[in-house]
Amino acid sequence: MRVTGSVGPLGISTAVLWLSIIVLLPLAALTFNSFSDGWSGFWTAVTAPAALDALRVTVFVSVIVALLNVVMGTLIAWVLVRDDFPGKGIVNALIDLPFALPTIVASIVLLSLYGPQSPIDIQLNATKPGLVVALAFVTLPFVVRAVQPVLIEVDQEVEQAALSLGANNLTTFRRIVLPTLVPAVLSGGGLAFARAIGEFGSVVLIGGNIPRETQVASQYIQQQIEVDRPVSAAAVSVALLTIAFATLLVLRLFGQRAARKEQDAQ
């Protein structure tokens, strides 16, 4: 096997070593701990009724959040790219705020706004809509930042040509713009889903942590650690990792397929 590129074997070895220390070794240790009681112990921990309920709530809410962000994130990206308005730079900067803001702060803010003392008389604490709002807040940038660069590169002359030939705005968007945006939209939505299933800080207060209702998997894992069941906590963590990895793998395969189609078209 030949090593090609500008960094050489030393650079590649350094990158692999760092990746192993930061990612691979912790994941390997977590997986090893989850099977401390054997396969039967792992399966029992993952299929426990409370664990299944937490996973079910997590996946359901995460899917809703991903779909919501696909629609609203694409709309926001469109406005930021195609429209000019006062304060556009501020709005564009605010999109990245969830990346920089500690998620527990978001939970405190949302609880103050939608909790029992809500100044707008809307109470979402300890409800699934509250979970959706919290997770939508922390995952919105994924879709916006995935769609924005694609919209910038879209040739608007093609859209103008379609309009001049009699196509309305909806037809132009559906036939010309949307096919170009689909890979970026799916990528952003998938990343938002993968981020949502492991979120903890933004839902820890507003979610309420009600078993079988609003308890997400990350809160269930914390609960298992508190009651001294580390194997159960590790097993559910591996289940979440598997879901996230499968999502990212599908996105990767879809991206490679889309890239091959684009190359064939050229």
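Residues numbered from 1 in each chain as written. Predicted model: local features only at pLDDT ≥ 70, side-chain atom pairs only at ≥ 80, totals over all residues. Heavy atoms only, no water.

## Notes on the overall build of the protein
Along the backbone of the protein there are 11 helices and zero strands. Put simply, the protein runs from its N terminus to its C terminus through helices and strands in the order α-α-α-α-α-α-α-α-α-α-α. Viewed in the frame of its principal axes, the protein has a C-alpha envelope of about 65 × 65 × 30 Å. When burial is assessed residue by residue, the protein has 35% of its 266 residues classed as buried. (Helix = DSSP H or I, 4+ residues; strand = E, 2+ residues; numbered from the N terminus. Buried < 20%, exposed > 50% of the residue type's maximum accessible area, 1.4 Å probe, protein only.)

## Describing the side chain of serine 218
With respect to the helices and strands, the residue serine 218 is situated in helix 10 (residues 217–226). Once you skip the residues sitting within four places of it in the chain, serine 218 turns out to touch Gly198, Glu199 and Phe200. (Contact = heavy atoms within 4.5 Å.)

## Section: the environment of valine 70
Here valine 70 shows up in helix 3 (residues 49–82). Residues valine 70 and tryptophan 18, 52 residues apart in the sequence, show an inter-C-alpha distance of 33 Å. Not counting residues within four places of it along the chain, the set of residues in contact with valine 70 comprises Val143, Val185 and Gly189.

## Re unusual backbone geometry
One can expect most non-glycine residues to show negative phi and most peptide bonds to be in trans. At aspartate 121, a position not held by glycine, the phi torsion is positive, near 60°. Within the secondary structure, aspartate 121 is located in the loop between helix 6 (103–114) and helix 7 (128–153). Judged by its relative accessible area of 67%, aspartate 121 is exposed. One non-glycine residue, arginine 212, adopts positive backbone phi at about 70°. Here arginine 212 lies in the loop between helix 9 (169–197) and helix 10. Given a relative accessible area of 51%, arginine 212 falls into the exposed group.

## Focus: the pattern of salt bridges
All chains considered together, the criterion is met by six salt bridges. Residue arginine 145 is joined to aspartate 96 by a salt bridge in which the shortest nitrogen-to-oxygen separation is 3.0 Å. With arginine 145 in helix 7 and aspartate 96 in the loop between helix 4 (88–94) and helix 5 (97–100), this residue pair connects regions lying 49 residues apart in the sequence. Arginine 145 sits in the partly exposed class, given a relative accessible area of 25%. Members of the salt-bridge network, linked through shared partners, are Asp53, Arg56 and Arg212. (Salt bridge = Lys/Arg side-chain N within 4 Å of Asp/Glu carboxyl O.)

## Overview of helix 2 (residues 38–46)
Residues Gly41, Phe42, Ala45 and Val46 constitute the buried set of helix 2. Viewed along the axis of helix 2, the buried residues span an arc of 130°, placing them on a single side of the element. Residues of helix 2 that are exposed and point over 90 degrees away from its buried face: Trp39, Ser40 and Thr44. (Arc of directions from axis to C-beta.)

## Brief notes about the nonpolar core
Counting residues in hydrophobic clusters, the biggest one holds 19 residues, and the most contacted among them are Leu55, Val236 and Leu240. Within the residue set of this core, elements represented by two or more residues are helix 2, helix 3, helix 9, helix 10 and helix 11 (230–265). Examining the composition of this core, we find that seven residues originate from one element, helix 11, more than from any other. Once you skip the residues sitting within four places of it in the chain, leucine 55 turns out to touch Val46, Ala217, Val236, Ala239 and Leu240. In terms of nonpolar packing, the next biggest core, distinct from the first, is built from 15 residues, Leu110, Leu124, Val132 and Ala134 among them. (Core = buried A, V, L, I, M, F, W, Y, C linked by side-chain atoms within 4.5 Å.)

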